[in-house]
Structure formats: C-alpha cells, structure tokens
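A look at the structure
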Amino acid sequence: MIEPPEIYSRIYSRHGHRCPMSTLGGRLGLAAMRWLGESSGELQAVYSIRTCALDGIAEVTGCSEENGSLIAKSDGRHALILKSPKASVEVELTAEALEMAGQYRSLCNRLEVGGDELEADEQKKRRAEMDAMLDELLPQFWQAEDQLLVQKVSE
Ligand SMILES: [Zn+2]
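Note that residues are indexed from 1 along each chain, following the sequence as it is written. Note on the predicted model: pLDDT of at least 70 is required for a residue's local features to be given, and 80 or more for side-chain atom pairs to be given and counted; whole-chain, interface and lining totals, by contrast, use all residues.

We now examine the overall build of the protein chain. Numbering of helices and strands runs from the N terminus; a helix is a DSSP stretch of H or I covering at least four residues, while a strand is a stretch of E covering at least two. Within the protein chain, the secondary structure is distributed over 6 helices and 5 strands. Ordering the α and β elements of the protein chain from the N terminus gives α-α-β-α-β-β-β-α-α-α-β. The C-alpha atoms of the protein chain give 16 Å as radius of gyration, which agrees with the globular expectation for 155 residues (15 Å, within 12%). C-alpha atoms of the protein chain, sized along the principal axes, occupy 55 × 30 × 30 Å. Every one of the 155 residues in the protein chain was classed for burial, and the buried ones make up 28%. Contacts are defined on C-beta atoms placed from the backbone: any two residues whose C-beta positions lie within 7 Å are in contact. Long-range pairs, those at least 24 residues apart, make up 74% of the contacts in the protein chain with a sequence separation of at least 6. We compute the radius of gyration from the C-alpha atoms alone; for a globule the expected value is 2.2 Å times N to the 0.38, where N is the number of residues. Working definition of burial: number of other C-beta atoms within 10 Å of the residue's own, with buried at 20 or more, exposed at 12 or fewer, and partly exposed in between, all C-beta atoms being placed from the backbone.

Below, the structure is given as structure tokens:
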C-alpha cells in the first residue's frame, strides 16, 4: 500500500477504509474552503447525496453530522454547499472524477460476486486486485488539479 499524504490518512482512518469517494469528498471540501476564502465563524455544509464522500468532507471542513453542521440530502447530485457567516460556495464533482471512481465501483461489483462463499485464497486474490487498483487510482486523486475533479456551480 502506498502511504497517503497526511490529510488523506486522516480521512481513511476516520472512514475505516481507503476508497475513491472518501478521497473525492476531501478534494471537494478542500476546494470549497479555498473558494470560500479566509473565514471566521462556524462553517455549515450540505452534501446532496449520501456516499463515502461525507467522511472526507467532514474531516477537511470540521463539519459533522453529529453536531448538525453537516447535512446529507438525497438529491442524487455529488454537490457540496459550504457556508460561512459571510459567504457561500457550491462545488460538485466533475464527470471525469465520477467516471474514475466508477471504474473502481465496477471492479468491486465484479469481484464481490460470490462473497463469503469463496475460498479464502480466492478472497485474498480479489482483495489484492482491489488494493492494486486503489494504489493506482488514489494517488491520481491526491495529485490532480482541482479543475479535473471539482467544478464550481454557478450562483
Ligand atoms: Zn468508502
């Protein structure tokens, strides 16, 4: 396994596993904070779909569902609204980002067939295949330019 940058290590330990969507949640949160600029006071976040991205957003923005500062809706859009007392910004994942994450999802769907019924060796082999894909995919998400992964939704 490739060692992730510190911020993503924190996301994965909060989230419990490495995956594309928690990583992309981190990218969305970081981009939104940058666009929001220097802000004092409480942040409020609304994310339009319940995915692994919520943990990434929570880790980088400090908002959390537990205290009500992060709200998950089910509008089916991968869009994040981040508000400070003075400003607000809306960002969403690009088609490219979703397509890259989708490749991992389809590999998992294919490899998870059979699940617990499989021999231990076969399960181990499949796990290794998924890990190899994450090792290739996640560094691209850590390093990509914002504009490849995140777009600002016009107000
Ligand atoms: Zn996940």
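So that's the structure; there's more coming.
When DSSP locates at least two bridges between a pair of strands, those strands are taken to pair. Across the sheet, which stays open at both edges, the 5 strands sit in the order E2-E1-E3-E4-E5 with mixed pairing between neighbours. The sheet is open, and its two borders are formed by strand E2 (70-72) and strand E5 (150-152), each paired with just one other strand. The mean inter-strand angle of the sheet, taken between neighbouring strand axes irrespective of direction, is 20°. Pairing between strand E1 (residues 44-47) and E2: 3 bridges, direction parallel. Each residue of the ladder has a partner; that of Val46, found in E2, is Ile71. Axis angles are defined between N-to-C directions and span 0 to 180 degrees, where every axis is a line fitted to C-alpha atoms and, for a helix, only to the segment in contact. Contacting E1, E2 and strand E3 (79-83), helix H3 (residues 53-61) crosses the sheet at an angle of about 165° to E1.

Moving on, we get to the environment of Val153. Within the secondary structure, Val153 is located in the segment after E5. Not counting residues up to four positions away in its chain, the partners in contact with Val153 are Ala79, Glu90, Val91 and Glu92.

Turning to the nonpolar core, a few remarks are in order. For this analysis, nonpolar core means a set of buried Ala, Val, Leu, Ile, Met, Phe, Trp, Tyr and Cys residues linked through C-beta atoms within 7 Å. Leu24, Leu28, Ala45, Ala53, Ile57 and Leu80 are the most contacted members of the largest nonpolar core, which has 25 residues in total. Among the secondary structure elements, those contributing two or more residues to this core are helix H2 (20-36), E1, H3, E3, strand E4 (88-93), helix H4 (95-111) and helix H5 (120-143). Dropping the residues within four chain positions of it, Leu28 is found in contact with Ala53, Ile57, Leu80, Val91, Leu93 and Val150.

Taken N-terminus to C-terminus, the directions of H4 and H5 make an angle of 175°; their axes are 11 Å apart at the nearest point. Between H4 and H5, the crossing angle belongs to the class labelled roughly antiparallel. Residues Met100, Tyr104, Leu107, Cys108 and Leu111 of H4 form the contact with H5, whose own contacting residues are Arg126, Glu129, Met130, Met133, Leu137 and Gln140. When describing relative orientation, an angle under 35 degrees is termed roughly parallel and one over 145 degrees roughly antiparallel, while 65 to 115 degrees is termed roughly perpendicular and anything else oblique.

With that settled, consider the environment of Phe141. Checked against the element boundaries, Phe141 lands in helix H5. Overall, Phe141 belongs to the buried group, with 22 C-beta atoms counted inside 10 Å. Taking the C-alpha atoms as reference, Phe141 lies 16 Å from His78; in sequence the two are 63 residues apart.

A few words now on the pairing of E1. Burial along E1 is one-sided: Ala45 and Tyr47 are buried, while Gln44 and Val46, pointing the other way, are not. Two elements, E1 and E3, share 4 bridges in a ladder whose sense is antiparallel. Paired with Val46 across the two strands is Ile81, which belongs to E3.

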